[in-house]
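Here are the chains, one letter per residue:
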Amino acid sequence: MSDFSNYSRSSSDNKISVTDVMRFSYTYFVDNFSLFVKLSIVPMLLWILLNVSAEVLLNEYGIAFNHLIPRAFVSASFALVWYRKFLLGMEQESYGKLYTHLKSRRTFSIASILKSILRVVIIAMVILVPTLMVSLAAVVYQISQGVTITNEMLEQLVQITTFIVLLTVSPILIRFSFYSASIALGRRQTRLRDVWRKTTGYTWNLWHLVIRAFLPLSLYTYALNEGFSKIAEKFELSYVATSLLINIPSAFMVFMMLAIVVAANATAFKQIFGTGDKERT
């Protein structure tokens, strides 16, 4: 039985109440905290290990290890299990169930891999091209004003423009995020056009929901990291100790944020698309 059955709408069925969904997401997290710890402890340890390993490789051996991609897979595995547990019920609360689902011939095939790669490329281009154009325009403007562009300035500029572009295209990306949810639940016949059609009229509602779920905890995590960085600097800790001091609480906050965002997103999915209590076969 799905856990969504405990959610009661205070608004009409064709409207998502952001406040009600967020209240339910936080309540669900608190009520299932022991399960959260059980499902997130290994991904959190891997998340921390990847960050610390990247620091060690860079400082000791001069090797730049891009830990963001494996870290994204670790986070995604937890998010998918939490998503399936929330919508499909207690029997889905294991990574073994997720693995069994993904390795099935219809779910995990060459065609599905190629389609996934194509979607990733398209999304990357949607983000990368505007970012490069805006960054280049900003650099040209700064140079025309007689400003000398340093590597630090260029890095900050790229970060700012990436944030602006992501914020701009996020309403579209949020709508398409339901496609992955459909596949995770076994809806193999779902197409992107179906997702786009179903979410028509919900764009800003969904955007508000995800921002409300994501922004407060992300800002708190950022402040927490800054605080621990200053503590490490004050006590002159080693880079390994500093990395552990920052990444241990950061990992907990990131996975807590994932759990809450997934619950909010899954509640919206249920309300828009509907789903049975059993996985489709």
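As a reminder, the structure under discussion sits directly above these lines.
Residues numbered from 1 in each chain as written. Predicted model: local features only at pLDDT ≥ 70, side-chain atom pairs only at ≥ 80, totals over all residues. Heavy atoms only, no water.

**Student:** Got a minute to help me understand helix 2 (residues 33-61) in this structure?
**Tutor:** Quick reminder: α-helices carry 3.6 residues per turn. Residues three or four places apart thus point the same way. Here helix 2 contains 29 residues, and its C-alpha end-to-end distance of 40 Å stays within 8% of the 42 Å for a straight helix at 1.5 Å per residue. Helix geometry: helix 2 is bent most strongly at Ser40, by close to 45°, with proline Pro43 lying one to four residues after it. Directly after helix 2, the chain includes Gly62, whose backbone phi takes a positive value near 70°. (Helix = DSSP H or I, 4+ residues; strand = E, 2+ residues; numbered from the N terminus. Expected span 1.5 Å × (residues − 1). Bend = angle between axes of the 7 residues up to and from the residue.)

**Student:** What is the right way to look at the packing of aromatic side chains in this model?
**Tutor:** Aromatic ring pairs are defined here through the distance separating the ring centres and the angle between the ring planes. Per the counting criterion, the structure on display carries 19 aromatic pairs. Between the aromatic rings of Tyr28 and Phe86, the centroid separation amounts to 4.8 Å while the plane-to-plane angle is 80°, which identifies the pairing as edge-to-face. Placement of Tyr28 in helix 1 (residues 18-31) and of Phe86 in helix 3 (residues 68-88) is noted, with a sequence separation of 58 residues between them. Exposure remark for Phe86: the relative accessible area of 0% places this residue in the buried category. (Phe/Tyr/Trp six-rings, centres within 6.5 Å; stacked < 30°, edge-to-face > 60°. Buried < 20%, exposed > 50% of the residue type's maximum accessible area, 1.4 Å probe, protein only.)

**Student:** Just checking my understanding: could you explain the nonpolar core for this structure?
**Tutor:** Side chains that are nonpolar tend, in soluble globular proteins, to be buried together. Among the nonpolar cores identified, the biggest contains 53 residues, and Phe36, Trp82, Tyr83, Phe178, Leu206, Phe255 and Phe269 are the most heavily contacted of them. Broken down by secondary-structure element, the contributors of at least two residues to this core are helix 1, helix 2, helix 3, helix 6 (151-184), helix 8 (203-234) and helix 9 (239-273). Top contributing element to this core by residue count: helix 9, with 17 residues. Excluding anything up to four places from it in sequence, Trp82 contacts Tyr28, Asn32, Leu35, Phe36, Leu39, Ala259, Val262 and Ala263. (Core = buried A, V, L, I, M, F, W, Y, C linked by side-chain atoms within 4.5 Å. Contact = heavy atoms within 4.5 Å.)

**Student:** Can you walk me through a nonpolar patch on the surface in this structure?
**Tutor:** A surface patch of nonpolar side chains, amounting to about 590 Å² of accessible area, comprises Phe33, Val37, Ile41, Val42, Leu45, Leu46 and Leu49. Accessibility expressed as a relative area gives 40% for Leu46, which makes it partly exposed. (Patch = residues over 30% accessible without salt bridge, like charges linked within 9 Å, V, L, I, M, F, W, Y side chains within 5 Å. Areas by Shrake-Rupley, 256 points an atom, 1.4 Å probe, with all protein chains shown as cover. Salt bridge = Lys/Arg side-chain N within 4 Å of Asp/Glu carboxyl O.)

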